[in-house]
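# Coordinate inspection notes
Given next are the chains, with one letter for each unit.
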Amino acid sequence: MAAEVETTDRKILQLLAADGRMSYTDLGRATGLSTSAVHQRVKRLEQRGLILGYGATLNHEALGLPLTAFISIRPIDPSQPDDCPQRLRDVPEIESCWSVAGEESYMLKVRSATPAALEDLLARIRTAANVSTRTTIVLSTYYENRPVTG
């Protein structure tokens, strides 16, 4: 069951999703609360599990990882244990792993330096998890990680 979130808390969540470094003072100005009241609310939102963490948005191109791809994976032998996420946990190029409905079992979001590096990564994924893969390469990203509104 989804947690009930009152209007002011929802506003705080939206503001922090857009800028996780926003100060308690600025959050207070935006919500009409005192700095200490905002601080208490943020701590409660963290304790309730509505805020799972704070992170930086990285420039992957500047980091030498300009190639983004989505890799769908499916076990070669469906009778084997479904442990793909554990088998792939330590592959650093995998940014995200989602369990999905459909023909494939999981969807991976990966970052790579070059097409050749992606090809090597695909081989490592296939070997490590005993899976078949289907890859979609991202040509352009218009928006990503947009904060939820409403």
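Residues numbered from 1 in each chain as written. Predicted model: local features only at pLDDT ≥ 70, side-chain atom pairs only at ≥ 80, totals over all residues. Heavy atoms only, no water.

### Describing helix 1 (residues 7-18)
Spanning twelve residues, helix 1 covers 17 Å between terminal C-alpha atoms, matching the ideal 16 Å at 1.5 Å per step. The secondary structure elements touched by the buried residues of helix 1 are helix 2 (24-31) and helix 3 (35-47). Two or three places before T8, at the start of helix 1, stands the capping residue E6, its side-chain oxygen 3.1 Å from that residue's backbone nitrogen. (Helix = DSSP H or I, 4+ residues; strand = E, 2+ residues; numbered from the N terminus. Expected span 1.5 Å × (residues − 1). Contact = heavy atoms within 4.5 Å. Polar contact = N/O pair within 3.5 Å; in protein donor to acceptor, adjacent residues only side chain to side chain.)

### Here we look at the packing of helix 2 against helix 3
The N-to-C vectors of helix 2 and helix 3 enclose an angle of 100 degrees; their axes lie 8 Å apart at closest approach. With respect to helix 3, the axis of helix 2 lies roughly perpendicular. Residues Y24, T25, L27, G28 and T31 of helix 2 form the contact with helix 3, whose participating residues are T35, V38, H39, V42 and K43. (Axes fitted to C-alpha atoms, helices over the stretch in contact; angles between N-to-C directions. Parallel < 35°, antiparallel > 145°, perpendicular 65-115°, else oblique.)

### Section: the nonpolar core
Judged by nonpolar contacts, the single largest core of 17 residues is most densely connected at I71, I73, L88, L108, V110, L118 and I125. Secondary structure elements with two or more residues in this core: strand 1 (67-75), helix 4 (84-88), strand 3 (106-112) and helix 5 (115-129). Beyond its immediate sequence surroundings of up to four residues, I125 is in contact with I71, I73, L88, I94, L108, N130, V131 and T133. I12, L16, V38 and I51 belong to the second-largest nonpolar core, a separate cluster that totals eight residues. (Core = buried A, V, L, I, M, F, W, Y, C linked by side-chain atoms within 4.5 Å. Buried < 20%, exposed > 50% of the residue type's maximum accessible area, 1.4 Å probe, protein only.)

### Here we look at the sheet that holds strand 3
An order of 2-3-1-4 is seen for the four strands of this open sheet, with the pairing classed as antiparallel. The strands lining the two open edges of the sheet, one partner per strand, are strand 2 (94-99) and strand 4 (131-137). Recorded for the sheet is a direction-independent mean angle of 20 degrees between the axes of neighbouring strands. In the packing of helix 5 onto the sheet, contacts are made with strand 1, strand 2, strand 3 and strand 4, and the angle to strand 4 comes to roughly 155 degrees. (Pairing = 2+ DSSP bridges.)

### Let's talk about unusual backbone geometry
One non-glycine residue, N130, lies in positive phi territory at about 55 degrees. By the element assignment, N130 lies in the loop between helix 5 and strand 4. The class of N130 is partly exposed, set by a relative accessible area of 36%. Its identity as a non-glycine residue notwithstanding, N145 has a phi of 55 degrees, on the positive side. Considering the arrangement of structural elements, one finds N145 in the segment after strand 4.

### What about the environment of L121?
Looking at where L121 falls in the secondary structure, it is placed in helix 5. Spatially, the C-alpha atoms of L121 and L45 are 38 Å apart, while their sequence positions differ by 76 residues. If sequence neighbours within four positions are ignored, L121 has contacts with V91, E93 and V110.

### Points about the side chain of T68
Relative to the helices and strands, T68 is located in strand 1. Of the polar contacts made by the side chain of T68, one reaches the side chain of R111; its length is 2.8 Å. When neighbours within four sequence positions are excluded, T68 is seen to be in contact with K109, V110, R111, T136, I137 and V138.

### Notes on the pairing of strand 2
One ladder, built from five bridges, connects strand 2 with strand 3; its direction is antiparallel. Across the sheet, the residue bridging to S99 is Y106, located in strand 3. Where strand 2 folds back onto strand 3 in an antiparallel hairpin, the turn is made up of six residues, including G102, whose phi is positive at roughly 120 degrees.

By themselves, these figures tell us nothing about what the structure is for.
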